[in-house]
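Residues per chain are reported as follows:
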Number of protein chains: 2
Amino acid sequence: MRAFNRFYTRVIGVLQAGMHDLPYSLTEGRVLYEVAHAGSLETGELRSRLDLDAGYLSRILTRFDGDGLIIRERSAADARKHLVRLTPAGREAFEALDRASTDDITRLLAGLPEDGRERLLDAMRAIRDVLDPPAGPRTTLIRPPRDGDLSWVVHRHGVLYAREYGWGRDFEQLVARVVADFDPACDALWIAEVDGRPAGCVFYIRKDGTTGQLRLLLVEPSARGLGLGRRLVEECLRHARADGRERVVLWTRDCLTSARRVYEAAGFRLDSQEKGSENGIEVTEQMWSVDL
Amino acid sequence: MRAFNRFYTRVIGVLQAGMHDLPYSLTEGRVLYEVAHAGSLETGELRSRLDLDAGYLSRILTRFDGDGLIIRERSAADARKHLVRLTPAGREAFEALDRASTDDITRLLAGLPEDGRERLLDAMRAIRDVLDPPAGPRTTLIRPPRDGDLSWVVHRHGVLYAREYGWGRDFEQLVARVVADFDPACDALWIAEVDGRPAGCVFYIRKDGTTGQLRLLLVEPSARGLGLGRRLVEECLRHARADGRERVVLWTRDCLTSARRVYEAAGFRLDSQEKGSENGIEVTEQMWSVDL
DNA sequence: CTCTCATGGTTGACTGAAGCAATGAGTTTA
DNA sequence: TAAACTCATTGCTTCAGTCAACCATGAGAG
């Protein structure tokens, strides 16, 4: 991590060096940025956003005012406070700055291989998500599948169960078979999204007679505790009723305790279980069902 | 990307703020770091590594010398140059600095959720790999499959072909079926690695009689041009011979031009082709074979 | 209504980081 | 051996940013 910090400090340094021909320091640029994006802003707000010293900010604003980039005026509500907004000249200065920065980044990105940009942006998003999880309630959504979801399902099952329970090839193939046999004409699949990215899934499979089967319920560790498991199961049962089923069954293993709680809450009851083994690991297969 | 830069500047700032009780500036810390890691270093080398002004560096070194952290001595080979190395006190100062930095990072990481650390480090590695690809020749390897590879195969096929050719659910299910039907007792799979990470694959499927089939040849865009496709196909044919096959066949589509070149180079010839359509997109299915 | 105190902004003085340029010691080359 | 060059040092300067004193305004108590 420290190696990365050293490295990235240098990257940022290189990008900023490219902007040295413009007459604004980094901090001044940030001020312009904030004011440009807010339209009109109290200086106090500006100060706290950029974590600047009041005196320093005052001087910067005085200079900007002198250069005709901004207009400062007293707040009508509280004459102690000042409001700041950009003049046309200020907006132009901001846009020049913005353009210079965009150019630098474009130049950097242009030197990258095909898929590099995407990987870069993915990784950056991941870092932000980890270090500074978006505060407010995360937006969740249960939706029908799209292209790409099936391979996502296989991949995440493989990765997560390998990590959490050590299940290997047999399990991956089992998942692949379910996905391969999935028939959109009579089966169904829902994907749970958190903030626009897949975070869980469940399959509904139409069995013979009046029975349906729930399969491959998964919720990403990072998305647990949001009630997605419950909603996925509910969606599945609702669909089963609409599909004329009288009963839904599912297979699971005793080690999947959090899934079990979801099944119980949805009305499933344990019908039978038997011990088996996979790759030398003891597992207890369970069969659950619910009457609709 | 700019949002990330702003964000990460703040992260680095926070980490450095935690070290403010120590009497060294960021640059001084970097100097200590370089000298500590190099053992003994010419000041010129130091200057170019850290990209410092000669005067500024001279002053820093003078101060360090005064504080008894380093020893400066003239180079025996060229008395204009100076050599710098740490005194025991200097090493101790460096270690204190190092410890403070480690502590800060540990504290930051401790506040993260379970899988966060891993995602963070993965993402950081990805960013470095993209922005500053390890120079020397990349190490490549063709190896038998491990746990997790099957789901990787499904996932990358789904993602890459969706991106490059717009193939969707049908193709994902086709791949899933191949993976589900894969029988390690008579079939085979090889994974190509670049720098220790999966970058390609190929399946060998034993067909009836004396025929084998090559399936799901894939090389990541970032790993193309390294000859991995050729090596995967060779591995597959070698195995087919060892498995007593007289002939290996494969299906492909005419739009996969780079794969075609690999097949031709390996001795495959086009047997037949027919037009079809998938999701409304025209495709030409081709059948190739090679006699062993 | 006015006095007091809190808040917000401004200004002057100051510090530390860092760059520039002149200087001098030492080295290489014509 | 003199000229050209390299390298470290030092004085001067700039710039970013902090601190503290000060002034204007607003809010609440008597």
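Keep in mind the model is a prediction, meaning the values are calculated, not measured. Counting restarts for each chain, with residues numbered from 1 along the sequence as it is written. Written order decides the labels, with chains lettered from A and ligands numbered from 1. This being a predicted model, a pLDDT of at least 70 is required before a residue's local features are given, and a value of 80 or more before pairs of side-chain atoms are given or counted; all residues contribute to the totals for chains, interfaces and linings. Here the side-chain values reflect all heavy atoms present in the structure, with hydrogen atoms and water set aside.

**Q** Report on the domain arrangement of chain A, specifying residues and quantitative values.
**A** Segmentation of chain A into domains returns domain 1 (2-131) and domain 2 (140-291). Each domain's extent is set by a domain assignment, obtained either automatically or from a database. Summarising the inter-unit geometry, the C-alpha centres of domain 1 of chain A and domain 2 of chain A are found 47 Å apart.

**Q** Got a sec to walk through the protein's contact with DNA strand C? Specific residues and values, please.
**A** Any residue with a heavy atom lying within 4 Å of a molecule or strand is counted as near it. Within the structure, DNA strand C sits among 20 residues, and A:Thr43, A:Arg59, A:Arg72, B:Thr27 and B:Tyr56 are positioned closest to it. Backbone sugar and phosphate groups make up 64% of those atoms of DNA strand C lying within 4 Å of the protein. Whenever a nitrogen or oxygen atom comes within 3.5 Å of another N or O atom, the pair is scored as a polar contact, on the condition that within protein one atom can donate a hydrogen and the other can accept it, and that pairs from neighbouring residues in sequence are kept only if both atoms are in side chains. Between DNA strand C and B:Thr27 there is a distance of 2.6 Å, counted from a phosphate oxygen to a side-chain nitrogen or oxygen. Residue B:Ala79 places a main-chain N or O atom 2.9 Å away from a phosphate oxygen belonging to DNA strand C. A run of H or I in DSSP becomes a helix once it reaches four residues, and a run of E becomes a strand once it reaches two; helices and strands are each numbered from the N terminus. Within the residue set of the surface near DNA strand C, elements represented by two or more residues are α3 (43-50) and α4 (54-66) of chain A together with α4 (54-66) of chain B. Take the surface near DNA strand C: its biggest share by element is four residues, from α4(A).

**Q** I'd like to hear about the interface of chain B and chain A, residue by residue, with values.
**A** Contact criterion: two residues are considered in contact whenever any of their non-hydrogen atoms come within 4.5 Å of each other. Each partner contributes to the interface: chain B provides 57 residues, whereas chain A provides 57 residues. Where chain B abuts chain A, roughly 5,800 Å² becomes buried across the two surfaces, and 66% of that area is made up of carbon and sulfur atoms. Between chain B and chain A we count 26 residue pairs in polar contact (both at pLDDT 80 or more) in total. Going through the elements one at a time, α1 (2-17), α5 (88-110), α6 (116-131), α7 (149-165) and α8 (169-181) of chain B are the ones with two or more residues in the side of chain B that touches chain A. No other element matches the 12 residues that α6(B) contributes to the side of chain B that touches chain A. Residues are grouped as follows: Ala, Val, Leu, Ile, Met, Phe, Trp, Tyr, Cys and Pro are nonpolar; Asp, Glu, Lys and Arg are charged; every other residue, Gly included, is polar. Here the residues of the side of chain B that touches chain A sort into 30 nonpolar, 12 polar and 15 charged. Summed over both partners, the accessible area (1.4 Å probe) lost when two parts come together is defined as the buried area.

**Q** Help me get a handle on α4(B), residues and values and all.
**A** Residue and element names in this part refer to chain B. The end-to-end C-alpha distance of α4 is 18 Å, a good match for the 18 Å that 13 residues give at a rise of 1.5 Å each. The classification of residues rests on relative accessible area computed with a 1.4 Å probe and restricted to protein chains. Under 20% of the type maximum is buried, over 50% is exposed, and intermediate values are partly exposed. Considered for burial, the residues of α4 that qualify are Leu57, Ile60, Leu61 and Phe64. Considered in projection along α4, the buried side chains sweep an arc of 95 degrees and stay on one side of the axis. Away from its buried face, by an angle of more than 90 degrees, α4 presents the exposed residues Arg59 and Gly66. Tucked inside the fold, the buried residues of α4 contact α2 (26-38), α3 (43-50), β2 (70-74) and β3 (82-86). A distance of 3.0 Å separates the backbone nitrogen of glycine 55 from a side-chain oxygen at the start of α4, and that oxygen is part of aspartate 53. Positioned one or two residues after α4, glycine 68 has a phi angle of 75 degrees, which is positive. By this rule the span expected of a helix is its residue count minus one, scaled by 1.5 Å. The directions considered for the arc are those from the helix axis to the C-beta atoms.

**Q** Outline the protein's contact with DNA strand D, listing residues and values.
**A** Taken together, 20 residues lie near DNA strand D, and A:Ser25, A:Thr27, A:Tyr56, B:Thr43 and B:Arg59 sit nearest. Taking A:Arg59, its side chain carries an N or O atom lying 3.3 Å from a base oxygen of DNA strand D. In this structure, a phosphate oxygen belonging to DNA strand D sits 3.0 Å away from a side-chain N or O atom of B:Arg47. For the surface near DNA strand D, the secondary structure elements donating two or more residues are α4 of chain A together with α3 and α4 of chain B. The element that contributes the greatest number of residues to the surface near DNA strand D is α4(B), accounting for four residues. Tallied by class, the residues present in the surface near DNA strand D amount to three nonpolar, seven polar and 10 charged.

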